Amino acid sequence: MNNQKNSKRYVAHFDMLGFKSATLRNPDEAWGALCDLRACMDEILKLPIEVFSFKEIISNRIKAYIFSDSILIFTVSDDVRDFVAMLVLAFKFFADALVKCVPLRGGISYGNFFFNTELHLFCGIPFVKAYEIGEEAQWSGIIIDDIVAEHYNKNQIPTSSGKPTIIKWDVPIKPNGHKKSWVVNWPEIYKERFTINPPISVEDFYKAFESLFGPFKDLPPDVKVKYENTVNFINVNLAS
């Protein structure tokens, strides 16, 4: 088994919105979306990061696995370089998936996490927590566990825009509630890639996903609301 003296790690879980319906509707399109996700991940893992005078490749600090539409990402330790590598990968992976017309939702947590890559065994509370906080959200976005937000604020991670990339938001959750949570302000990170100036309509935002899921008007009400919540998040944060 792997020697894991320090089992404290940052762990993220992502999944694709509507993967089941996309697979039943058009398996070829769903397979193409998964291949696009894998390609996005492979490219990001090759990127260099520079953290407080340290410079190295993201893949030195991160491990990532894709099981169907579930994506598991975790750091090799809880060093600040690992933390920044996780943030860079998660932010960029989410944004690049949107460019490929694949909507994701996810969560990032921290704690004791154990793995054996040879046997493909993975276990730990942060994995469960990352899954739960991402899955309960009714939108396309990234929820940040409170302890991860504390580490972010403590380390004063610099941003290119000068605006915080992790903010508080009243997140819509299942079935019909809201929860004040730390989230990634991905519209701020992604804003240069928007082809339509805000405010953006739900229909215009959804057009990118029509080939996967069909016309917006044909979606069930509980699916439509996820896109409505996402677009509200975009418009509020791009207007601020």
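Each chain carries its own residue numbering, running from 1 in the direction its sequence is written. With pLDDT at 70 or above as the cut-off, local features in this predicted model cover only qualifying residues; side-chain atom pairs require 80 or more to be listed or tallied, and sums for whole chains, interfaces and linings still use all residues. Only hydrogens and water are set aside; all other atoms, that is, all heavy atoms of the structure, feed into the side-chain values.

### A few points about the packing of helix H2 (residues 27-45) against helix H3 (residues 80-99)
Okay, step 1: Orientation is described by axes fitted as lines to C-alpha atoms, over the contacting stretch for helices, and by angles from 0 to 180 degrees between their N-to-C directions. Strands are runs of DSSP state E lasting at least two residues, helices are runs of H or I lasting at least four, and both sets are numbered from the N terminus onward. Between H2 and H3, the least distance of the axes is 10 Å, while the angle of their chain directions is 145°. Crossing geometry of H2 relative to H3 is assigned as right-handed. Listed contacts from H3 to Leu-37, Cys-40, Met-41, Ile-44 and Leu-45 of H2 are Leu-89, Lys-92, Phe-93, Asp-96 and Ala-97. Should the near helix be turned counterclockwise from the far one by less than a right angle, the crossing is left-handed, whereas a clockwise turn marks it as right-handed. Every residue pair with non-hydrogen atoms within 4.5 Å of one another is taken to be in contact.

### Description of the pattern of salt bridges
Pairing between side chains of opposite charge can happen when the charged atoms of each approach one another.
Okay, step 1: Definition used for salt bridges: Asp or Glu carboxyl oxygen within 4 Å of a side-chain nitrogen of Lys or Arg. Following the criterion strictly, the structure yields 15 salt bridges and no others.
Okay, step 2: A salt bridge links Lys-46 to Glu-43, with the nearest nitrogen and oxygen atoms 3.4 Å apart.
Okay, step 3: Across the salt bridge formed by Lys-129 and Asp-145, the nearest N and O atoms sit 3.3 Å from each other. Linking Lys-129 in helix H4 (residues 125-135) with Asp-145 in the loop between strand S8 (142-144) and helix H5 (146-155), this pair joins segments that are 16 residues apart in sequence.

### Let's talk about the nonpolar core
Okay, step 1: Membership of the largest hydrophobic core comes to 70 residues, with the highest contact counts inside it found for Phe-14, Ile-73, Phe-93, Trp-186 and Tyr-227.
Okay, step 2: When neighbours within four sequence positions are excluded, Phe-93 is seen to be in contact with Phe-14, Leu-37, Cys-40, Met-41, Ile-44, Ile-71 and Leu-104. Among the buried residues, those of types Ala, Val, Leu, Ile, Met, Phe, Trp, Tyr and Cys that are joined through side-chain atoms within 4.5 Å form a nonpolar core. A 1.4 Å probe rolled over the protein chains alone gives each residue an accessible area, and that area as a share of the maximum for its type sets the label: buried under 20%, exposed over 50%, partly exposed in between.

### Considerations on the side chain of Asp-15
Okay, step 1: Note that Asp-15 resides in strand S1 (residues 8-16).
Okay, step 2: Under the relative-accessibility criterion, Asp-15 is labelled buried at 8%.
Okay, step 3: Excluding its chain neighbours within four sequence positions, the residues that come into contact with Asp-15 are Asp-69, Ile-71, Pro-103, Leu-104, Arg-105 and Glu-135.

### Here's the deal with the packing of aromatic side chains
Pairs of aromatic rings are described using the distance from one ring centre to the other and the angle between the two planes.
Okay, step 1: Between rings of Phe, Tyr and Trp, where Trp is taken as its six-membered ring, a pair exists when centres lie within 6.5 Å; planes separated by under 30 degrees are stacked, by over 60 edge-to-face, and by other angles tilted. Under the criterion given, the structure shown has 23 aromatic pairs.
Okay, step 2: The interplanar angle of 35° and the centroid separation of 5.8 Å between the aromatic rings of Phe-209 and Tyr-227 together place this pair among those described as tilted. Taken together, the residues span a long stretch of sequence, with Phe-209 in the loop between helix H7 (202-206) and helix H8 (210-213) and Tyr-227 in helix H9 (residues 221-239) at a distance of 18 residues.
Okay, step 3: For Phe-209, a relative accessible area of 2% translates into the label buried.
Okay, step 4: By way of ring pairs, the aromatic residues Tyr-65, Phe-67, Phe-74, Phe-113, Phe-115, Phe-122 and Phe-127 are connected into one cluster.

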